[in-house]
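A closer look at the structure
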Amino acid sequence: MTKPPALEARGITKAFPGVLANDHVDLRLAQGEIHALLGENGAGKTTLMNILYGLYQQDEGQVFIGGQEVDIHSPNEAIAHGIGMVHQHFMLIPVMTVAENIMLGVEPRTARSRWLGFIGQLDYRRVESRVRELSSQHSLEVDPTALVQTLSVGAQQRVEIMKALYRQARILILDEPTAVLTPQESEELFQIMRSLAERGTSIIFITHKLKEVFAVADRITVMRNGQVVGSTTPEQATEQQLASMMVGREVLLRLSKAPAHPKEAVLSLENLSVNDDRGQKAVREVTLRVRAGEILGIAGVQGNGQTELVEALTGLRPIALGQVRIGEKTLKETSPRQIMEQGVGHIPEDRQKRGLVLRYSVEDNLVLCTYYQRPFAKGLIIQHEAIEENARRLIEEFDIRTPSARTPAGTLSGGNQQKVIVARELSRPIKLLIAAQPTRGLDVGSIEFLHRRLIEQRDAGYAVLLVSAELDEILALSDRIAVMYKGEIIDTLPAEQATREEIGLLMAGVGGHKTSPARQPVEVN
Amino acid sequence: MDFALIIALMPGVLASALRFATPIAIGAYSGVLCERAAVINIAIEGMMLVAAMVGDLVMLYTGNIWLGVIGGMLASGLLAILHGVLCINFKTDQIISGTVINIFAIGITGFAYRRFLATPTLTRPIPSTLQPIHIPFLAQIPILGDVLFQNRPIVYIMLILTFVLQYVLFKTPWGLRTRAVGEHPLAADTLGIDVYKVRHINVFLGGLVAGLGGVWFSLEQVGHFDMLMTNGKGFIGLAAMIFGKWTPVGSFIAALIFGLPEAIQITMNFYFPHVPYQFLSMIPYVLTMIVLAGVVGQAIPPAADGQPYDKQ
Ligand SMILES: Nc1ncnc2c1ncn2[C@@H]1O[C@H](COP(=O)(O)OP(=O)(O)OP(=O)(O)O)[C@@H](O)[C@H]1O
Ligand SMILES: [Mg+2]
């Protein structure tokens, strides 16, 4: 007999009110293997992982680790069985240091004070040296003394992986780790995953990006509607096949679009500067225009001022210098609601913080921008029927997978939370859509749908400002591409002339008009 | 006013500032314990009042002041358990639970006062307050000795508690878990920490601490229970906690600032009776309102403060 699988799930079934999230799911994870788990939004991937990690209890089914049946009732027990998990939404405490986040729950105490038990003195030095050791062992760059809230998303993710390694995880669950990473960061993550797998760690890797599956996975399992629909290897599968397996129909991975017919400028920025939270200039003298009937894509590695730019345009952050015009109106200390009423739609980058009220129902979230207007309110009275009708229509149209319109938005799967926001913003009368990472966490089918919608909106005369760290998305949708680097727009190219390589270089700060000695703000038109 | 006189009065004023700061600081520590674990406790005032009453009652019936102290703390701890169960398990609105406990405290202590304490059939021990302890040698140090080392026991306990809590909260596993549960309970849960347990323990300890603040009134300061004798000090304690940015040492300093006007007022009354005392006695309350209105600096509470945690 060969080695028993590192982890095996048999017949796992889990129901939530109104949905069967897992329906007799089987999964075999071999020793030292990187196993990709694919599936559309709401297929039940996260639920299955939460069961393996002890956060949820299965209704039926068994879990085996190294051939032994185990009962996992809490994360504690999962950790004891060598399971570590990096969650789809990070589980870090921003105001604490990396070391504190890592040691939480398994705190070492100094030798002198060990007898004091829970009120012994935390041994920071031991944690820090252990973290440094693991850091060099797995080439996983983590500074244990840094405060988590000062770290980039990629660095936070490394902290999450470090948390698992520190607990000596031999089975590592990564739930959509690349959703928030830049391409370079993803590549670094794959290096780390490969080296961990070589040392015998078994990894479950959830993603919606098919390219990544081919880059790292040894095996692939696909889920749909709570069931496993198949298992294969990268050698045997093609992207197109996997996409169809996930969604259950043919998916167009590349959309064709007609040339744009841009009209008048809807959004104009003149020498716009915006400060970040620490008062440093994050956006520097940006001048650009977005016209009706075109999609302007802003490419750039995350953290080059895109977030601050979008926040300034949507009224969430003050404008330090310069001018923003939407249509004929100049923004000046304008509230987000006033901007919304100007006809601006916003798909925010952080869906849980800025996009949704997680405790509110799906139907209420769908009218968050319009609840005070007709037909959702008459005078001071909320019109529940209109809200319900609106929800019914949008859930259908945008294929939001939810047990009911009354379900709290926070319990939806990550991708379906995103669809609620998209549906809300596209269903009200807007002339400008500001979309920041709009397809983050969406499955291939939903991405196809959303991309198609964005192009339709464009053709209907909307102006679209698309901010994305996905180069593929920028290239597929944009009519013009502006590259942002260190807060400046260093170049703007018509999409048909742009190549991947050129944009990639610009994103790294190589080339571009702005690097010329004249340093003239570039008029973009 | 005579400058020399003011200098001569200084140690006395400082000593009584420390004394008046004691229940405020202890109230603040109770708040720190609860809110660091994300449970808002506005019932500290009520818990103190009940502890003051029960303390006197136990002293009356056992003849032992220290048993009174323990009895008062346990009574307050019991109320804290109630608050914990309501807020943590039943997810009752924390402000409402706190308000209910405060109203209950006023009722029950008023009743007990009229029934048992106003005209007691038993006699209280003599003396019926905790007596000052002079720390040998240290008490002789000029000024410092008068202020710090000739105090009554609860003042010393408060001082020690300041540093113990500061250490525990920021240097120990227990403190780390407490803060984690107060900032991001789900993250703590995914690391195997029992969020409910941590919160219950903290709220209970917070109740015991509030009780200590309560018995200060009846058993250290006055010698018997009076109706509503805590006089809003529990609420001022909460203001001190916010002012002190949810840290024990910060709360202590804030409590001193709140205690000082009262001490000055007492001294002024004695030496300068023609100055209307009402103005000085207003100061702690006015300060409290200013602090609670968020004027003094930006205070950031624990991120999950006041939010119940839903376990799957
Ligand atoms: N805590 C919960 N309460 C109620 N329903 C839930 C809960 N968690 C998940 N669900 C439901 O279970 C189903 C599966 O969700 P799950 O999060 O596992 O999907 P997923 O495959 O991870 O999707 P995504 O790719 O969008 O993250 C969804 O229909 C979701 O609404
Ligand atoms: Mg998921």
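Residues numbered from 1 in each chain as written. Chains lettered and ligands numbered in written order. Predicted model: local features only at pLDDT ≥ 70, side-chain atom pairs only at ≥ 80, totals over all residues. Heavy atoms only, no water.

Section: the pattern of salt bridges
Residues and elements named next belong to chain A. Taken as a whole and assessed by the stated rule, the structure comprises 34 salt bridges over all chains. Note that R392 is salt-bridged to E389, the shortest N-O span being 2.8 Å. Here R392 and its partner E389 are both found in helix α13 (residues 384-397), three residues apart, which amounts to about one turn of the helix. On the basis of relative accessible area, E389 is assigned to the partly exposed category, the value being 39%. For the salt bridge of R452 with E448, the shortest nitrogen-to-oxygen distance reads 2.8 Å. Of this pair, R452 and E448 both sit in helix α15 (residues 444-459), four residues apart, which is roughly one turn of that helix. A relative accessible area of 38% means that R452 is categorised as partly exposed. For E448, a relative accessible area of 6% puts it in the buried group. Bridged by salt links that share partners, the residues E8, R10 and R28 form one connected network. (Salt bridge = Lys/Arg side-chain N within 4 Å of Asp/Glu carboxyl O. Helix = DSSP H or I, 4+ residues; strand = E, 2+ residues; numbered from the N terminus. Buried < 20%, exposed > 50% of the residue type's maximum accessible area, 1.4 Å probe, protein only.)

So, the sheet that holds strand β20 (residues 463-468) of chain A
One key point about sheets: their strands pair by backbone hydrogen bonds, in either a parallel or an antiparallel sense. Residue and element names in this part refer to chain A. Spatially, β16-β19-β20-β13-β21-β22 is the arrangement adopted by the six strands of the open sheet, whose pairing is mixed. Strands at the two margins of the open sheet, each flanked by one partner only, are β16 (344-347) and β22 (488-494). Averaged over all pairs of adjacent strands, the angle between their axes in this sheet comes to 15 degrees, without regard to strand direction. For strand β19 (residues 432-436) and β20, the ladder comprises five bridges, and the chain directions are parallel. The residue bridging A435 from the neighbouring strand is L466, located in β20. Lying over the sheet, helix α17 (residues 500-507) contacts β13 (295-299), β21 (480-485) and β22, oriented at roughly 30 degrees with respect to β21. (Pairing = 2+ DSSP bridges. Axes fitted to C-alpha atoms, helices over the stretch in contact; angles between N-to-C directions. Contact = heavy atoms within 4.5 Å.)

Remarks on the interface of chain B and chain A
The interface of chain B with chain A comprises 23 residues on the first partner and 33 residues on the second. In terms of surface lost to chain A, no three residues of chain B exceed L176(B), T190(B) and L191(B), which account for 29% of the buried area on that side. Along the contact surface separating chain B from chain A lie two salt bridges. Our count for the contact surface shared by chain B and chain A stands at eight residue pairs in polar contact (both at pLDDT 80 or more). At the level of secondary structure, the elements contributing two or more residues to the side of chain B that touches chain A comprise α6 (153-171), α7 (173-183) and α8 (185-190) of chain B. The dominant element in the side of chain B that touches chain A, judged by the number of residues it contributes, is α7(B), at seven residues. (Buried area = accessible area lost by both parts, 1.4 Å probe. Polar contact = N/O pair within 3.5 Å; in protein donor to acceptor, adjacent residues only side chain to side chain.)

Some thoughts on the pairing of β20(A)
Residue and element names in this part refer to chain A. Most of β20 is tucked away: six of the six residues are buried. Burial of β20 is two-sided: the residues A463, L465 and V467 facing one way and the residues V464, L466 and S468 facing the other way are all buried. Looking at chain direction, β13 and β20 are connected through five bridges and run parallel. Paired with L296 across the strands is L465, a residue of β20. Taking the sense of rotation as the criterion, the β-α-β connection linking β19, α15 and β20 turns out right-handed. (Right-handed = clockwise from strand over helix to strand, strands pointing away.)

A few points about the coordination of the magnesium ion (ligand 2)
Residue and element names in this part refer to chain A. Here the magnesium ion (ligand 2) is held by T46 (OG1) and Q88 (OE1), and the distances to it run 1.9 to 2.3 Å. Taken as a pair, T46 in helix α1 (residues 45-52) and Q88 in the loop between β6 (83-86) and α3 (98-103) lie far apart in primary sequence, 42 residues in all. According to the relative accessible area criterion, T46 is partly exposed, its value standing at 25%. Judged by its relative accessible area of 17%, Q88 is buried. (Donors = N, O, S within 2.8 Å, 3.2 Å for Na, K, Ca; no water.)

Considering the confidence of the model for chain B
The predicted model of chain B has a mean per-residue pLDDT of 91, with 97% of residues at 70 or higher. For this predicted complex, the interface score ipTM comes out at 0.90, alongside a pTM of 0.85. (pLDDT = per-residue confidence, 0-100.)

Things to note about the domain arrangement of chain A
Residues and elements named next belong to chain A. Domain boundaries in chain A define domain 1 (1-82 + 170-251), domain 2 (92-168), domain 3 (264-343 + 429-525) and domain 4 (356-415). Distance between the C-alpha centres of domain 1 and domain 2: 26 Å. Contact with domain 1, which involves 15 residues of that partner, is made by 14 residues of domain 2. Between domain 1 and domain 2, a total of about 1100 Å² is buried, with carbon and sulfur atoms accounting for 63% of that surface. On inspection of domain 1 and its partner domain 2, the count reaches one salt bridge. Counting across the domain 1 and domain 2 interface gives four residue pairs in polar contact (both at pLDDT 80 or more). Of all the secondary structure elements, the ones that give two or more residues to the side of domain 1 that touches domain 2 are β7 (171-175) and α6 (183-198). In terms of residue count, the dominant contributor to the side of domain 1 that touches domain 2 is α6 (six residues). Grouping the constituent residues of the side of domain 1 that touches domain 2 by class yields nine nonpolar, two polar and four charged. (Domains from an automatic or database assignment. Nonpolar A, V, L, I, M, F, W, Y, C, P; charged D, E, K, R; others polar.)

Overview of helix α2 (residues 44-62) of chain B
Residue and element names in this part refer to chain B. In this model, α2 (19 residues) spans 26 Å end to end at C-alpha, consistent with the 27 Å of a helix rising 1.5 Å per residue. With respect to burial, α2 is a largely interior element, 15 of its 19 residues being buried. Downstream of α2 by one or two residues, G63 has phi in the positive range, about 75 degrees. (Expected span 1.5 Å × (residues − 1).)

Details of α1(A)
Residues and elements named next belong to chain A. Summarising burial for α1: seven of the eight residues are buried, a large majority. All of the buried residues in α1 are K45, T47, L48, M49, N50, I51 and L52. Directly after α1, the chain includes G54, whose backbone phi takes a positive value near 85 degrees.

Considering the sheet that holds strand β8 (residues 202-206) of chain A
Residue and element names in this part refer to chain A. The mixed open sheet is built from six strands, whose spatial order is β6-β7-β8-β3-β9-β10. Taken across any chain shown, the strands that pair with only one partner, and hence form the sheet edges, are β6 and β10 (227-232). Each strand axis lies, on average, 20 degrees off the axis of its neighbour in the sheet, ignoring direction. Relative to β8, β7 runs parallel, the two being bridged by five bridges. Counterpart to L174 in the pairing with β8 is F205.

Description of the packing of aromatic side chains
All names here are of chain A. In the structure shown here, the tally under the stated rule is eight aromatic pairs over all chains. Ring centres of Y371 and Y372 lie 5.3 Å apart, and the angle between their planes is 80 degrees; on these two criteria the pair is classed as edge-to-face. By relative accessible area, which is 24% here, Y372 ends up partly exposed. With 5.5 Å between their ring centres and 85 degrees between their planes, F398 and F449 make a pair best called edge-to-face. (Phe/Tyr/Trp six-rings, centres within 6.5 Å; stacked < 30°, edge-to-face > 60°.)

Remarks on the environment of T13(A)
Mapping T13(A) onto the fold places it in strand β1 (residues 7-16). As for T13(A) and T47(A), which are separated by 34 residues in sequence, their C-alpha atoms are 10.0 Å apart.

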